[in-house]
Amino acid sequence: MTSVASTPNTYGGGKILGRPVDRVDGPLKVRGAATYASDVTYPDLTHAALVQSTIAAGTIRRIDAARAAAAPGVIAVITHENTPLLADPPSQPFYPSARFPLKDDRILHHGQHVAIVVAESHEQAVAAARLVTVDYDATALVLGIENPGAAIVRNPWGIEFERGDVTTAVAAAEVLYDQTFRIAAETNSPMGLFATVARWEGDRLVVHESTQWPMMVRRTLATMFGLAEENVRVLAPYVGGGFGAGLRAWPHLMLTALAARVVGRPVKLVLTRPQMFNSVGHRPQTLQRLKLGATRAGRLVAIDHEGISTRGIADDNAEPITLATGAAYSCPNVATHDTQVLLNIPAPCAMRAPGAAEGNFAIESALDELSYQLEIDPIELRLLNYAEVHPQSGLPWSSKALRECFRAGAERFGWAKRDPRIGSMRSGHHLVGYGVAGVTYEWFSSFCQANISIGRDGRARVQSAATDIGTGTYTIAMQVAAELLGVDVSQVDVAIGDSDMPLAPQSGGSGLAISLSGAIENAAANLQRKFDELRGGRIGESYVDILERHGLDELSADGEVTPHPEQASVAPSPAFAAQFAEVHIDADLGLLRVVRIVSAIDGGRILNEKLARSQITGGVVMGIGMTLLEETLFDATGRVANGTFGDYLIPVNADVPDLDVVFVGEPDRFNAIGIKGVGEIGVIGVAAAIANAVFHATGRRFRSLPITIDQLL
Ligand code: MCN
Ligand code: MOS
């Protein structure tokens, strides 16, 4: 179902890059031989369980741990009354950090950890945790995104901006659009339960962690425990998914590391599924007000986009809803506004395409509404407003094939068969709807390092502190190194997921593939240079020959990359997509089926066609969840009311239709290999494409997600 239409590689004629190589870690995972944090064990391992607050706001009046401490097998019960105090974690924009939950007697959300119990066995820890009794002084809790009593933070992380004069342009516009969009909170829900195993070796702390970012965990723990960063080692060779939840150092990690120090033995904590709902983040609930001004001919003259999202009290996460708004379309007057509403809820976090997925739903739904009002084909309307250059800087894009995304996607989808009249298409007694959305996604890359060595056995070894959270990092690192060193993929070993290795950024912001590939490219070039020096002009010598002649066991080189150096002439390009949805709606029952989704993606050079396709289809599945099923509900007490997989609906096989993916475009000019990120983009346009298809089928416009059957009836 997938075709790759990109230009030939600049490296090695494309022998290895782009090829659909199977995941190298696949057999290990299938055999159960990949060691996730929850699989790690030590001979003297102890087990921990958490005690969580049953109120959402107030203080602890009294906490009684005596019965728990006396229970069989219990080694320690740590509460705010007996905890050693830790320093505050570091925090910076886009890298929020969680609060140490035992800092004082304050309760800020339901489910806040109030104690950690350590015992000889898991069962003993869980049983003893139930014996801890807590009396609270509850205060009025603040819930609800529209609660006028809630404190707010304006323009977090400085993402508000204005170009042109929006107020004047809106007032003068021939056509004005003004609507509100609402999206429910959602929970990331990786399959792997997050786990921490912490062990102290004297003053050195070793942590096995479910994380997307070992270096961030290392920095957080080093700061909190007052250690040099080199004295913290974070291991995450395999991670059972994260979808953004693994981008923060969560309270349970801090408590487990602390507990290991208190008991002087290794401690393991594995979160329960309900704890995955209240302890490791969620996509915040959002509200958006969007005004568009346009000419009758369909040219956008003004965009005024306000994003409001929920945030925990004393937390510093922020959802960048309007981040992509200024660059998506050519429009002279754009203003964005961002507000965070502080509530007694567990800290939200990034969830696949944070902010972008929500913002896109509003903009792409609005364009669809305009297309009907102005009687312009939805694709045509988008092309009328195509941003040929970066709308803010006026610089040419480093690559942009969004037009080709629309063309190729429309062709595969059969957009030409669409009858634009609402409710005009039928299949049996089902109403049929076609919808489309455009996507501009500003993926994010960072400084990265890698090391490559080649030994006498002829094997190349790549090392970096990066993670593979199911994305395929092991495999693409192997491919990039093999391509650049001119060896077969079977000759390359990749070791990642260890903070003692060369520094790597997060698997996040769809930026690891580009960051790590750049570092590997640089390391490979440095290594080749070393071999060239030793080769001394001889022809036809292999790496092994050279090592043997010089009596060396191996040769190794470091490499690093800053993927987005300042460049005055080109705007680093986002990834682009056009996504198409067909829905069938039972005219009597309101039952909605997504029948197929076509995603045409410009991800620059695709490193591995099989893995990249899997990234897109995974994203689309999450998009279907966001649109039709997922909703994290907080009840009146601030408790997550549906925090189990029985109650929280995510798409299952029967909800997922035929997913077609096509890659278009060419290698991006901004980096040598030409990659753009694809890890998140698949999710982004799905909600608008489906909602637009629902409108086409029924004439009913949904500006609130999820769209559930009761609303469709
Ligand atoms: N890739 C490619 N060609 C490119 C770019 C990427 O073939 N031009 C493929 C590679 O296999 C690469 C993968 O796509 O490993 C993702 O690359 P990239 O877009 O750089 O994204 P990251 O490596 O930074 O991964 C994080 C991204 C994000 S932000 C979320 S959220 C997410 C996602 O990836 N969470 C995931 N995909 C996920 N997939 C799984 N299975 N589990 C998660 O938790
Ligand atoms: Mo992705 S939400 O940036 O891990």
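Engineer: Lay out the sheet that holds strand β14 (residues 267-270) in plain terms, naming residues and giving numbers.
Structural biologist: If you trace the 7 strands from one edge of the open sheet to the other, you get β4-β6-β2-β14-β11-β12-β13, paired in mixed fashion. Lying at the two open borders of the sheet, with one neighbouring strand each, are β4 (74-79) and β13 (232-235). Strand-to-strand twist across the sheet, computed as the mean angle between neighbouring axes with direction ignored, equals 20 degrees. Both strand β2 (residues 46-52) and β14 contribute to a ladder of 2 bridges, which runs parallel. In the strand pairing of β14, T46 is matched with V267. Relative to β2, helix α3 (residues 122-129) is tilted by about 25 degrees, and along the sheet it contacts β2, β4 and β6 (113-119). Lying over the sheet, helix α6 (residues 251-263) contacts β2, β4, β6, β11 (195-201), β12 (204-209) and β14, oriented at roughly 35 degrees with respect to β11.

Engineer: Help me get a handle on the site of ligand 1, residues and values and all.
Structural biologist: Inspection of the region around ligand 1 gives 32 residues, with G242, F243, R605, Q615 and V678 positioned closest. One of the backbone N or O atoms of I469 is found 3.2 Å from a nitrogen atom in ligand 1. Contacts to ligand 1 include G679, whose backbone N or O atom sits 2.8 Å from an oxygen atom. Here ligand 1, which alone exposes 840 Å², has 96% of that area covered by the protein. Only α12 (473-485), α13 (512-535) and α15 (609-628) provide two or more residues apiece to the shell around ligand 1. At 3 residues, α15 tops the list of elements feeding residues into the shell around ligand 1.

Engineer: Residue-level account of α15, with values.
Structural biologist: Here α15 spans 28 Å end to end across 20 residues, near enough to the 28 Å set by a 1.5 Å rise per residue. The distance from a side-chain oxygen at the start of α15 to the backbone nitrogen of K610 is 3.0 Å, and the residue carrying that oxygen is N608.

Engineer: Mind laying out the side chain of S573, listing which residues take part and the relevant values?
Structural biologist: Mapped onto the elements of the fold, S573 is located in the loop between β23 (554-561) and β24 (575-586). A relative accessible area of 2% places S573 in the buried class. Polar side-chain contacts of S573 include one of 2.2 Å to the backbone oxygen of S399.

Engineer: Report on the packing of aromatic side chains, specifying residues and quantitative values.
Structural biologist: A complete count under the given rule lists 13 aromatic pairs for this structure. Relative to F695, the ring of Y372 lies with its centre 4.7 Å away and its plane at 70 degrees, an arrangement referred to as edge-to-face. A residue pair is termed long-range when its members are at least 10 positions apart, and Y372 in helix α9 (residues 356-374) and F695 in helix α17 (residues 686-698) qualify at 323 residues. Ring plane angle 85 degrees and centroid distance 5.7 Å describe the contact between W397 and F576, whose orientation is recorded as edge-to-face. Here W397, found in the loop between α10 (378-384) and α11 (402-413), pairs with F576, found in strand β24; they are 179 residues apart in sequence, far enough to count as distant. Just as W397 is buried, F576 falls in that class too. In textbook terms, an aromatic cluster arises when at least three aromatic residues are bridged by ring pairs, as seen for F413, W415, Y434 and F580. Looking at R596, its charged tip hangs above the ring of F413, at a distance of 4.1 Å from the centre.

Engineer: So what about the nonpolar core? Which residues, and what values?
Structural biologist: Soluble globular proteins tend to bury their nonpolar side chains together. F225, L370, I681 and I690 are the most contacted members of the largest nonpolar core, which has 161 residues in total. Residues within four places of L370 in sequence aside, it is in contact with V175, Y177, L292, A294, L300, E375 and L381. By size, the runner-up hydrophobic cluster in this structure holds 24 residues, among which are L402, A408, M425 and A578.

Engineer: Provide a residue-level description of the sheet that holds strand β22 (residues 492-495), including the pertinent values.
Structural biologist: Within the open sheet, the 4 strands sit side by side as β22-β21-β20-β23. Their pairing is mixed. The two strands at the open ends of the sheet, each matched to only one other strand, are β22 and β23. Across this sheet, the average inter-strand angle for adjacent strands is 20 degrees, counted without regard to direction. With 4 bridges connecting them, strand β20 (residues 448-455) and strand β21 (residues 460-463) associate as antiparallel partners. Following the sheet pairing, S453 is matched in β21 by R461. Contacts between α12 and the sheet are confined to β20, β21 and β22, with β22 contributing the most and set at about 135 degrees to the helix. Together, β20, β21 and β23 form the strand contacts of α13, whose direction differs from that of β23 by roughly 140 degrees.

Engineer: Hey, could you go over the pairing of strand β10 (residues 175-183) for me, with residue numbers and the actual values?
Structural biologist: In this sheet, strand β15 (residues 286-294) lies alongside β10 in antiparallel orientation, the contact comprising 9 bridges. Note that in β15 the partner of F181 across the bridge is Q288.

Engineer: Explain a nonpolar patch on the surface residue by residue, including any values.
Structural biologist: Where nonpolar side chains cluster on the molecular surface, the patch consists of L589, L591, I709 and L713 and spans about 400 Å² of accessible area. Along the chain, L589 turns up in the loop between β24 and β25 (592-602).

Definitions and limits used
- Per chain, residue numbering runs from 1 following the sequence as it is written.
- Whichever chain is written first becomes A and whichever ligand is written first becomes 1, with later ones labelled in order.
- Since the coordinates come from a predicted model, pLDDT governs what is reported: local features require at least 70, and pairs of side-chain atoms require 80 or more to be given and counted, while whole-chain, interface and lining totals use all residues.
- Values shown for side chains rest on all heavy atoms present in the structure; no hydrogens or waters enter the calculation.
- Any two strands with at least two DSSP bridges between them are considered paired.
- Numbering goes from the N terminus for both helices and strands, where a helix is a DSSP run of H or I of at least four residues and a strand is a run of E of at least two.
- To obtain an axis, a line is fitted to C-alpha atoms, over the contacting stretch when the element is a helix, and the angle between two such axes runs from 0 to 180 degrees between their N-to-C directions.
- Between two residues, a contact is recorded if the distance between any of their heavy atoms is within 4.5 Å.
- Proximity is defined per residue: any heavy atom of the residue falling within 4 Å of a molecule or strand makes that residue near it.
- For this analysis, a polar contact is any N or O atom pair within 3.5 Å, provided that within protein one partner can donate a hydrogen and the other can accept it, and provided that sequence-adjacent residues contribute only side-chain to side-chain pairs.
- Computed with the Shrake-Rupley method and a 1.4 Å probe, the accessible areas treat only the protein chains shown as cover for residues.
- An expected span of 1.5 Å times one less than the residue number is assigned to each helix.
- Summary of the burial criterion: residues with accessible area below 20% of their type's maximum are buried, those above 50% are exposed, and those between are partly exposed, where the area comes from a 1.4 Å probe applied to protein chains only.
- Two aromatic rings, drawn from Phe, Tyr or Trp (for Trp, its six-membered ring), form a pair once their centres lie within 6.5 Å of each other, and the interplanar angle then sorts them: stacked below 30 degrees, edge-to-face above 60, tilted otherwise.
- Only lysine NZ and arginine CZ atoms are considered, and such an atom sits over a ring when it is within 6 Å of the ring centre and within 35 degrees of the ring normal.
- Among buried residues, the Ala, Val, Leu, Ile, Met, Phe, Trp, Tyr and Cys ones that are joined through side-chain atoms within 4.5 Å form a nonpolar core.
- Residues enter patches when they are more than 30% accessible in relative terms and free of salt bridges; like-charged ones are connected within 9 Å and nonpolar ones (Val, Leu, Ile, Met, Phe, Trp, Tyr) within 5 Å.
- The term salt bridge refers to a side-chain nitrogen of Lys or Arg lying within 4 Å of a carboxyl oxygen of Asp or Glu.

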